[in-house]
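Summary of the model geometry
Okay, here's what each chain looks like letter by letter:
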Amino acid sequence: MNRAIEQLKTRRKFLRMLSASPLLASPGFLAGSFANLLAAGEVTERKFLGWLDAFQQSDEVISSPDQAFDVMDFEPAARKALPPAHFGYLATGVDDDGTVRANREGYSRIQIRARRLINVENIDMSTSLFGTKWNTPIVLSPVSGQKAFHPEGEVAVARAAGAKGHLMMLSTVATSSIEDAIAARGGHVWQQLYPTNVWEVGRAIVKRAEAAGSPAIVLTVDLHEGSNRETLFRAEHADKRDCSVCHQSAYTGDARGRARGGSGGFASYAARKPMFDGLDLSRVTVAQPANMNWDFVKRLRDIVTVKLLLKGIVTREDAQLAVEHGVDGLMVSNHGGRAEETLRPTIESLPEVIEGVGGKIPVIVDGGIRRGTDIFKALAFGATAVGIGRPHAWGVAAFGQPGVEAVLEILRRELRTIMRQAGTTSIDKITRNYIAGRSA
């Protein structure tokens, strides 16, 4: 008996030693499988050998979009295609990346209540936002600097969005302009806004986007200086290229991305971004001013002639204030876990935000959505639409426009499947009656 106990302890000690390996430190199949193994209690030799077998087969990476079974298949393909620092930028959260994981894990605590004996021959996945009908509720959230992932960057994403009939949001610090994105998509692209600490610069970006035909401005309110993006910093340390030849860090002013601040860093970064072309950046120091408050929102509301949304609202109180200040819509978002380490998944923030707006304005949610079932759950809580960020970035990094289209097609297929299995024939029929679990 004692010998068996000692063998068990030895196996667990070995497994925990493996868990410290950088190879298993990042989120994904291997890390998730390993964590599940440790949490299982008794770690038998059979379990360990099964896990080891999966580990040995893990080097297989898809070589074309049609080989993907789900959107997670694009993550290792993107990792393989990108330099370490570029993938680190895409993968990073802050501190221990706990909020990145929480966003994903939040969906696992919600169950779907499936109804039976309903005619589900015809499934309608369309939804409307501000009077515009979209084929599905899947929106491409803003992801910055996408030419770091693929030569065509945001243009390839825009073409995929147009081909599949999806709404796209363009980052202020995109490597393509709003004009190019709208032309590539062949229609609506919403402009995300980092206003900077200089009012005139933010105003100029708004007016340029409006003139280009963007029907909405999406003000990000959850990002401040000093995000401790350790995964990025470690990836930069492992990347042996001289990154300063191409660029400086967006938020720190340090060519290798160390978290030490410094004025002028963002201005140098922004000067190479198309949405800042021709603007005086001499007084710009940050993407988002630390003193931005509800008076700023009111001032912005007064100059924005199209729809105005706030991205980063996660509480009932702020949702109510947004409605009071005349905001047209909200995005429940924590910047994909890249802004602060709250450990609160957006899917758990969504219900109170929905309660706060009281049905007066639409609410979009992003963060951690990887499956059609995730989309279903978000819609059941009351979201009008959902945003995906990293998945479409993985797609473009790995395969360009076809990769993004494949990501969208997989999510559409999965959403259609769960709608049919749950007995919901249209988006408006997906209500809270269809979910259960600790977060319901």
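Residues numbered from 1 in each chain as written. Predicted model: local features only at pLDDT ≥ 70, side-chain atom pairs only at ≥ 80, totals over all residues. Heavy atoms only, no water.

1. Details of unusual backbone geometry
Quick reminder of the rule: Only DSSP runs of H or I covering at least 4 residues are called helices, and only runs of E covering at least 2 are called strands; the numbering of each starts at the N terminus. Working definition: with a 1.4 Å probe on protein chains only, accessible area under 20% of the residue-type maximum means buried, over 50% means exposed, and in between means partly exposed.
Although it is not a glycine, Leu117 adopts a positive phi angle of roughly 55°. Relative to the assigned elements, Leu117 resides in the loop between β1 (110-112) and β2 (127-129). The class of Leu117 is exposed, set by a relative accessible area of 91%. Residue His335 is not a glycine yet carries a positive backbone phi of 65°.

2. Structural notes on the packing of helix α4 (residues 74-81) against helix α16 (residues 390-399)
The criterion, for reference: Only the contacting stretch of a helix is used when fitting its axis, a line to C-alpha atoms as for every element, and angles between N-to-C directions run 0 to 180 degrees. Note on terminology: angles under 35 degrees are roughly parallel, angles over 145 are roughly antiparallel, angles of 65 to 115 are roughly perpendicular, and the others are oblique. Working rule for handedness: look at the near helix, and if it is turned counterclockwise from the far one by less than a right angle, call the crossing left-handed; if clockwise, right-handed. Contact criterion: two residues are considered in contact whenever any of their non-hydrogen atoms come within 4.5 Å of each other. For this classification, the nonpolar set comprises Ala, Val, Leu, Ile, Met, Phe, Trp, Tyr, Cys and Pro, the charged set comprises Asp, Glu, Lys and Arg, and every other residue, Gly included, is treated as polar.
One way to put it is that α4 packs onto α16 with a least axis distance of 8 Å and a crossing angle of 50°. In this view, α4 runs oblique relative to α16, as classed from their interaxial angle. Note that α4 runs across α16; the crossing there is left-handed. Contacts from Phe74, Glu75, Ala77, Ala78 and Ala81 in α4 reach Trp394, Gly395, Ala397, Ala398 and Phe399 in α16. A breakdown of the residues in the contact of α4 with α16 according to their chemical character gives eight nonpolar, one polar and one charged.

3. Comments concerning the sheet that holds strand β7 (residues 216-220)
Condition: Two strands qualify as a pair provided that DSSP identifies no fewer than 2 bridges between them.
One closed barrel accounts for eight strands, arranged β4-β5-β6-β7-β8-β9-β10-β11; its pairing is parallel. Strand-to-strand twist across the sheet, computed as the mean angle between neighbouring axes with direction ignored, equals 30°. With five bridges connecting them, β7 and strand β8 (residues 307-311) associate as parallel partners. For Thr220, the partnering residue across the bridge sits in β8 and is Lys311. Along the sheet, helix α7 (residues 153-164) makes contact with β4 (138-140) and β5 (167-170), crossing β5 at roughly 160°. Running over the sheet, helix α9 (residues 199-212) touches β6 (189-193) and β7 and is turned about 180° from β6.

4. Brief notes about the packing of aromatic side chains
To keep it simple, the criterion reads: We call Phe, Tyr and Trp rings a pair once their centres come within 6.5 Å, taking the six-membered ring for Trp, and we label the pair stacked below 30 degrees between planes, edge-to-face above 60, and tilted otherwise.
What the rule picks out here adds up to six aromatic pairs. A centroid spacing of 6.1 Å and a plane angle of 80° characterise the contact between Phe74 and Phe399, whose relative ring orientation is edge-to-face. Within this pair, whereas Phe74 is found in helix α4, its partner Phe399 is found in helix α16, the two being separated by 325 residues in sequence. The exposure class assigned to Phe399 is buried, which follows from its relative accessible area of 18%. Taking the centre distance of 6.0 Å and the plane angle of 80° together, the rings of Phe266 and Phe276 count as edge-to-face.

5. Quick notes on the nonpolar core
Note on soluble globular proteins: their nonpolar side chains tend to be buried together. Rules: Throughout, nonpolar core names a set of buried Ala, Val, Leu, Ile, Met, Phe, Trp, Tyr and Cys residues whose side chains join them through atoms within 4.5 Å.
By size, the foremost hydrophobic cluster in this structure holds 106 residues, and its most contacted members are Phe74, Leu300, Leu330 and Leu350. The element best represented in this core is helix α17 (residues 401-422), accounting for ten residues. With near-sequence residues (within four places) excluded, Leu330 lies in contact with Leu309, Leu310, Ile313, Ala319, Ala322, Val353, Val357, Ile361, Pro362, Val363 and Ile364. Leu167, Val218, Met331 and Ala385 belong to the second-largest nonpolar core, a separate cluster that totals twelve residues.

6. What to know about the pattern of salt bridges
Rules: Any Lys or Arg side-chain nitrogen found within 4 Å of a carboxyl oxygen on Asp or Glu counts as a salt bridge.
In the structure shown here, the tally under the stated rule is 17 salt bridges. Asp374 is paired through a salt bridge with Arg104; the nearest N and O atoms lie 3.0 Å apart. Taken together, the residues span a long stretch of sequence, with Asp374 in helix α15 (residues 372-380) and Arg104 in helix α6 (residues 98-105) at a distance of 270 residues. Residue Arg104 is classed as partly exposed on the basis of its relative accessible area, which comes to 31%. Notably, a salt bridge pairs Arg208 with Glu179, separated by 3.0 Å at the nearest N-O pair. Highlighted residues: Arg208 in helix α9 and Glu179 in helix α8 (residues 178-185), separated in sequence by 29 residues. Arg208 gets classed as partly exposed once you look at its relative accessible area, which sits at 23%. Here the salt bridges do not stand alone but share partners, grouping Asp70, Arg371 and Glu414 into one network.

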